[in-house]
Amino acid sequence: MGLLELLIFIPLLAAALIGAGLPGKVIARSAAALNLLLVLAAISQFNAGNTLAHSYPILDNPAIAFAVKADGLSLTMALLTSLVLIAANCQIGEGKPAIYYVSSLLIAGGAMGAFLCTDIFFLYGFHELALIPTLLMIAIHGHGDATNRRAIAWKITVYLGVGSLILLAGLAALVVALKPASGLTFDLAALMQSAKDHPLPAATQAWIFTALLVGFGTLVSLFPFHSWAAPAYATAPTPVAMLHSGVLKKFGLYGLIRIALPLLPLGAKHECVQQALLWMLIGNIIVIGLVTIHQQKLDTLLGNSSVMHMGYIFLGIAAGTQVAINGAIILMFAHGISIALLFALCGRMRNQLGTLEFSKLGGLAANAPFLTVMFAFGTFASIGLPGLANFAGEVMVFLGAFDSNINDGFKLIHWATILGLWGVVMSAVYMLRAYRNLFFGKAASGHFMSDPVITQRVSLVLLAGVLLVVGCCPGLITGLLKDLTIAAP
Amino acid sequence: MMSSFSIEIFLAVVGVLLIALDAFATELNRKVVPWAAIGATGLALILMLTRSADIPAWITPFYATDSLAVFYKVFALVTTLIVLIIALEGDFITAYFSSSEGVKTRIGEFYALPLIVCAGMMWMASAKDLVALFVPLELVTVSFYVLVAFTRRSAMSLEAGVKYLILGALSTGVLVFGIAWVYGATGSLSFEGIAAAASKPTTNAMALMLGAALLLAGLGFKVGAAPFQIWIPDVYQGAPTPVTAFLSVGSKAAGFVVLTRAVQAFTGDGSQIATQVGNALLSAAALTILLGSLPAIFQTNVKRLMAYSSISHAGFMVLALACGATGTVAFYMGTYLPATLLGFLLLVVLRTQGVGDELKDLAGLSKRSPLLAFALAVAFASMAGLPLTAGFMGKLLVFMAAISKAHYGVVALAVVGAAAGFYYYFRPILTAYSPVEGESTKLQVSPVARVTIAVLIVGVVAVGVYPKLLQSVLK
């Protein structure tokens with residue numbers, strides 16, 4: 001059993017042990033810490049030029065194997081997963097039932113599996129495995145009254161369920177269409193070879209790409225399939241909100257970059273598909289940006305902002321150039337860390353203050369200087385301030401997108417880039433306003449917030465530190481991505 | 001070393017002997033009947049796995065021993081074994097509802113009849129012609145008439161028995177009528193002969209089509225394919241739960257094996273009616289999936305929910321059949337077995353603890369028995385087709401078969417059905433895991449039930465992550 005298998009099975013095993021009655025806190029935290037160490041070990045192995053890959057066939061016809069392989073993209077996502085897992089575990093308060101630990105480990109283990117497997121069957125399967133605890137936790141332990149959270153849980157179950165099934169149909173169609181002479185296979189490398197040897201007609205590629213875009217897009221809250229996201233994050237228990245918005249949601253983007261772009265290059269470049277994607281991502285940035293500005297509560301504001309920021313990543317994917325894709329990957333990582341940080345703070349505020357409405361709060365900085373600083377990190381990262389990770393990603397996406405085919409004239413993608421830049425301004429408006437309303441000004445009576453205990457502080461500093469380090473040296477991630485080849489445009 | 005044919009004879013003989021034992025033996029000996037039935041089935045399973053390939057020469061014209069037959073024979077034995085364990089688990093409930101007030105009636109037949117049914121199902125799996133199909137089919141069906149109405153003090157069971165009897169008899173009539181037409185059109189009763197005649201231009205296609213339609217209608221009734229699925233919810237809900245489990249897994253599988261053989265005969269190379277039969281099956285599949293999935297959304301009774309679920313599963317299997325993927329049908333059946341039997345076993349265990357089968361009765365189950373709640377989650381997750389459970393593999397293969405035949409419309413409808421499944425299969429899981437006030441006594445689960453539950457959970461997960469276990473049937 002190699003490193004990558006351990007990365008997947010340690011969280012799952014820890015979840016099983018806790019489910020069997022062992023103490024949650026100790027096991028969950030040690031598993032999370034061990035996982036981070038192993039990810040770092042895997043990254044150093046990868047940088048040293050070792051191939052980390054194993055394959056265990058589970059079915060011959062169609063060929064399905066439990067196959068894991070690490071490259072820069074999957075290791076970046078694995079690092080994100082383990083970082084957010086640690087932070088999420090540290091947010092689980094004393095006296096919470098074991099299911100909090102079990103669910104966070106299952107979500108992280110599932111996400112790990114989805115990011116590390118190179119067989120479409122397991123890639124899809126692990127994502128679903130992570131999705132189930134998310135849905136159950138929102139339904140059972142979500143915030144708000146029972147009827148309301150049930151309704152929201154059903155909404156996202158139906159949205160994500162239908163999205164996953166459309167995705168499954170698209171993936172099945174892909175596997176059938178790219179059948180090599182040796183018989184059906186779910187192995188990405190074999191499918192890639194087949195796509196190279198016998199390219200599919202553009203029309204076929206376009207419609208399969210569309211199915212994948214709708215399926216993956218629903219999972220990432222691509223406009224107009226986004227309406228599940230904001231209420232879900234506002235309702236979800238804090239660790240679940242952190243893990244889903246920070247990590248699991250990135251699966252859809254990961255899938256597009258890992259499967260759809262390389263296997264269906266003509267589909268991605270198809271005129272109609274590209275136009276549609278651009279209009280949808282403009283919807284994400286502008287429409288949801290405006291919606292976000294109007295939010296009066298921190299949780300729905302963060303939920304909507306997370307939907308909005310997906311627009312930038314889609315822009316990178318739509319552009320399809322190497323710079324834009326790398327930017328999108330950095331942004332996936334950076335957004336994951338920054339939104340997890342913000343949701344962690346949001347959860348603490350909800351617990352201590354009992355309300356998240358801007359009109360009822362203010363002046364929190366007086367008693368919680370540490371949280372004020374952390375929130376500043378989250379806010380500035382979210383806006384895309386230079387020096388924090390998100391900036392590096394956004395700049396690369398914008399440059400890459402603007403650069404694409406600019407010599408052929410000014411197209412929709414360039415308009416989308418310009419509108420995206422306006423989106424940054426909108427982010428600044430709502431995030432800074434929220435920051436000011438919550439932490440500065442006159443202290444509202446009856447609400448008091450203090451700084452957290454040391455473990456929580458450490459976990460938050462970890463996230464903020466990563467934002468800073470990657471922001472100052474984006475080369476840490478781009479170095480991993482240098483050999484990553486997405487199909488040539 | 002016994003041949004599969006002798007194993008079937010053995011089971012039928014043991015079944016009859018046990019009925020006699022139950023009728024004439026003393027009170028003490030009667031307690032032996034359930035365990036004797038379980039032992040005989042287990043022994044038959046072992047014999048089946050170590051069988052000799054030789055069968056008497058005189059029987060070969062109408063008795064097949066191909067891989068399809070062997071798979072379904074083992075399938076029938078495993079099903080019967082688990083059903084008998086489920087029946088034993090719910091023994092006192094069956095006894096209570098089948099005897100008059102204050103009288104303890106013997107219910108040995110309840111354990112003996114499944115052996116006879118099992119022999120019939122195993123025989124059906126080998127049917128090479130329409131007579132060899134019809135005789136064991138009736139053996140199975142008639143035994144089920146008794147079993148469905150067995151708990152005679154329960155009005156629902158009686159109602160279910162009457163409905164099943166009337167509709168079952170009607171479908172038998174239709175089936176025989178179909179057989180007659182097919183024989184008239186092709187001059188042959190064997191599937192080989194029918195396939196050969198179907199491709200001859202001299203055969204009257206209209207007559208053959210009418211025969212095929214009637215035959216498929218009769219078999220469609222047995223497997224619960226639309227539009228012949230109306231009886232399922234009432235009968236499944238009314239029948240004693242072990243019998244429901246037997247009907248929904250064993251009887252359905254037996255129906256599918258003969259359906260597979262009949263469809264293969266009608267859609268062979270150059271068959272004049274291949275297109276029509278294919279289209280009929282496709283429409284039936286789409287209709288069955290929808291008529292199973294959509295009403296299931298509104299169910300508040302778990303047993304009835306599982307009845308609708310079984311209709312929807314039948315739809316997926318008919319879809320695979322319509323795509324000519326007979327291996328996939330068998331594979332799907334293999335994934336359907338552990339999850340469904342686990343579901344019914346849980347219902348029986350809960351019933352013995354005074355927990356009803358309404359959805360709301362499941363509230364707080366995770367507190368009262370973590371094992372049962374987890375098993376429930378696994379069973380329904382597999383039925384919903386969540387990845388890494390057996391159910392997902394089955395659905396995936398069906399989707400792939402349909403996509404490779406370019407039946408995109410039906411795939412879209414199947415996606416709708418599967419999406420509805422996310423709702424109605426998740427509701428019991430959610431209810432079981434929701435914290436509630438009120439009843440919180442711990443539930444007792446007998447050791448036998450614990451072991452069976454564990455084995456079935458392992459089965460669901462093992463097939464889900466290592467489908468090679470069922471690989472042989474795909475060839």
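Residues numbered from 1 in each chain as written. Chains lettered and ligands numbered in written order. Predicted model: local features only at pLDDT ≥ 70, side-chain atom pairs only at ≥ 80, totals over all residues. Heavy atoms only, no water.

Things to note about the side chain of A:Asn326
Residue and element names in this part refer to chain A. Applied cut-off: Here a strand is any run of E in DSSP of at least two residues, a helix any run of H or I of at least four, and the numbering for each starts at the N terminus. Think of it in three bands: residues with accessible area under 20% of the maximum for their type are buried, residues over 50% are exposed, and the middle band is partly exposed, with areas taken using a 1.4 Å probe on protein chains only. By definition in these notes, contact holds between two residues if any of their heavy atoms fall within 4.5 Å.
Relative to the assigned elements, Asn326 resides in helix α15 (residues 322-353). Owing to a relative accessible area of 10%, Asn326 belongs among the buried residues under this scheme. Among all residues touching Asn326, those that are not within four sequence positions of it are Met396 and Leu481.

Here we look at the environment of B:Phe344
All names here are of chain B. Positionally, Phe344 belongs in helix α15 (residues 326-352). Spatially, the C-alpha atom of Phe344 lies 28 Å from that of Leu413, the residues being 69 residues apart in sequence. Not counting the four nearest positions on each side in its chain, Phe344 is found in contact with Thr241, Thr244, Ala245, Ser248, Lys303 and Met306.

Things to note about helix α19 (residues 454-472) of chain A
Residues and elements named next belong to chain A. How we decide: Any helix carries an expected span of 1.5 Å times its number of residues minus one. Here the arc refers to the set of directions running from the helix axis out to each C-beta atom.
The terminal C-alpha atoms of α19, which comprises 19 residues, lie 26 Å apart, in line with the 27 Å expected from a rise of 1.5 Å per residue. Burial in α19 covers these residues: Gln456, Ser459, Leu460, Leu463, Ala464, Val466, Leu467, Val470 and Gly471. Each buried residue of α19 sits inside an arc of 145 degrees when the element is viewed along its axis, so together they form one side. In α19, the exposed positions angled more than 90 degrees off the buried face are occupied by Ile454, Val458 and Cys472.

A short note on the confidence of the model for chain B
All names here are of chain B. Put simply, the rule reads: Every residue carries a pLDDT, the predictor's confidence in it, which falls somewhere between 0 and 100.
Of the residues in chain B, 97% have a pLDDT of 70 or more, and the chain-wide mean is 89. Looking over chain B, one finds the lowest element-wise mean pLDDT in helix α2 (residues 27-30), namely 70, and the highest in helix α14 (residues 302-322), namely 94. Here the complex is predicted with pTM 0.89, and the ipTM for its interfaces comes to 0.83.

Observations regarding the packing of helix α11 (residues 231-238) of chain B against helix α12 (residues 241-266) of chain B
Residue and element names in this part refer to chain B. Stated formally: In this analysis, axes come from line fits to C-alpha atoms, helices being fitted only over the stretch in contact, and the angle between any two N-to-C directions falls in the range 0 to 180 degrees. Here the word oblique covers every angle except those under 35 degrees (roughly parallel), over 145 (roughly antiparallel) and from 65 to 115 (roughly perpendicular). Asp, Glu, Lys and Arg are counted as charged, while Ala, Val, Leu, Ile, Met, Phe, Trp, Tyr, Cys and Pro are counted as nonpolar; the rest, among them Gly, fall into the polar class.
α12 packs onto α11 with a crossing angle of 130 degrees between their chain directions and a minimal axis gap of 8 Å. When the axes of α11 and α12 are compared, the pair comes out oblique. Residues Ile232, Val235 and Tyr236 of α11 touch α12, and the partners they reach there are Thr244, Leu247, Ser248 and Lys252. Among the residues forming the contact of α11 with α12, the class breakdown is 4 nonpolar, 2 polar and 1 charged.

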